[in-house]
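Chain residues, written in single-letter form:
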Amino acid sequence: DYPFDYSFVDESFNRLYKFEQKLGAIFAYFSFLAVFIAGMGLFGLSLSTTESRIKEIGIRKSLGATVNSIVSLLSKEFTLFLIISNIIAFPIAYTAMDSWLGNFAYRIEIGIGILLLSSGISLLIALLSVSFQVLRSAYANPVDSLRYE
């Protein structure tokens, strides 16, 4: 009365995890988009910050400040905000990932290494998006910025 319906085990597992693969691809696309938009926002914020502090940078350079000190001065506040946001995001990310991974039969534990790696990557992306504007203002001639004062 019942026909034999067979399937291979690997096909059954593929059907089970097909949704997770699609969800992973969607997360990857939207994560890239979010990082790109955040990088553009950081670039705009660094542009605004350096333009508002151009006279200060010119005075510091005319008094003998090095390029490294100016770069560290301008990048310090961006890295501070990034570190604070990572500290806030760590518990949220850990809780979300732990609840998502809890639904799988074979699961892994989320270590601090993954969180530190993501923090390092976000710091690298932020510094890359800010560094162009900061270096441009650090290498600028102080006479140009102080000419109209």
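So, here's what we can say about the structure. None of the values given here were measured: they were computed from a predicted structure.

This part is about the overall build of the protein. Along its length, the protein carries 5 helices and 0 strands. Its helices and strands taken in sequence order, the protein reads α-α-α-α-α from the N to the C terminus. A compact globule built from 149 residues would reach a C-alpha radius of gyration of about 15 Å, whereas the protein, at 24 Å, exceeds it by more than 25%. Overall size of the protein, expressed as C-alpha extent along the three principal axes, is 95 × 25 × 20 Å.

With that out of the way, let us pick up the pattern of salt bridges. This structure, assessed with the given rule, holds 4 salt bridges. For Arg-53, the salt bridge identified is with Glu-56, shortest N-O distance 3.0 Å. The residue Glu-77 makes a salt bridge to Arg-53 at a minimum N-O spacing of 3.2 Å. Here the residue Glu-77 occupies a position in helix α3 (residues 67–101), and Arg-53 occupies one in the loop between α1 (9–52) and α2 (54–62), the gap between them amounting to 24 residues. Connected through salt bridges with shared partners, the residues Arg-53, Glu-56, Arg-60 and Glu-77 form a single ionic network.

This part is about the packing of α1 against helix α4 (residues 112–138). Their axes nearest at 9 Å, the elements α1 and α4 cross at an angle of 25°. As summarised for this structure, α1 and α4 are arranged roughly parallel, according to the angle between their axes. The two elements α1 and α4 cross, and the hand of that crossing is right-handed. Every residue of α4 that contacts α1 at Val-35, Gly-39, Leu-42, Phe-43, Ser-46, Leu-47, Thr-50 and Glu-51 is listed here: Ile-125, Ala-126, Ser-129, Val-130, Phe-132, Gln-133, Arg-136 and Ser-137. Of the residues in the contact of α1 with α4, the class split is 8 nonpolar, 6 polar and 2 charged.

Attention shifts here to the packing of α1 against α3. Contact geometry for α1 and α3: axes closest at 13 Å, N-to-C directions at 160°. Taken together, the axes of α1 and α3 are roughly antiparallel relative to one another. For the element pair α1 and α3, the recorded crossing hand is right-handed. Where α1 abuts α3, its residues Glu-20, Leu-23, Leu-42, Leu-45, Ser-46, Thr-49 and Thr-50 lie against Leu-74, Glu-77, Phe-78 and Trp-100. Here the residues of the contact of α1 with α3 sort into 6 nonpolar, 3 polar and 2 charged.

Attention now goes to the nonpolar core. Listed in full, the 8 residues of the largest apolar core are Ile-57, Val-67, Ile-70, Leu-74, Phe-78, Val-130, Val-134 and Ala-138. For this core, the elements supplying multiple residues, two or more each, are α3 and α4. The leading source of residues in this core is α3, at 4 residues. Contacts of Ile-57, omitting those with residues within four sequence positions, involve Thr-50, Ile-70, Leu-74 and Ser-137.

On the surface, Ile-26, Phe-30, Phe-32, Leu-33, Phe-36, Ile-37 and Met-40 cluster together into a nonpolar patch covering about 780 Å² of accessible area. Among the secondary structure elements, Ile-26 is positioned in helix α1.

Quick notes on the rules
Residues numbered from 1 in each chain as written. Predicted model: local features only at pLDDT ≥ 70, side-chain atom pairs only at ≥ 80, totals over all residues. Heavy atoms only, no water. Helix = DSSP H or I, 4+ residues; strand = E, 2+ residues; numbered from the N terminus. Rg over C-alpha atoms; globule rule 2.2 N^0.38 Å. Salt bridge = Lys/Arg side-chain N within 4 Å of Asp/Glu carboxyl O. Axes fitted to C-alpha atoms, helices over the stretch in contact; angles between N-to-C directions. Parallel < 35°, antiparallel > 145°, perpendicular 65-115°, else oblique. Left-handed = near helix turned anticlockwise from the far one by under 90°. Contact = heavy atoms within 4.5 Å. Nonpolar A, V, L, I, M, F, W, Y, C, P; charged D, E, K, R; others polar. Core = buried A, V, L, I, M, F, W, Y, C linked by side-chain atoms within 4.5 Å. Buried < 20%, exposed > 50% of the residue type's maximum accessible area, 1.4 Å probe, protein only. Patch = residues over 30% accessible without salt bridge, like charges linked within 9 Å, V, L, I, M, F, W, Y side chains within 5 Å. Areas by Shrake-Rupley, 256 points an atom, 1.4 Å probe, with all protein chains shown as cover.

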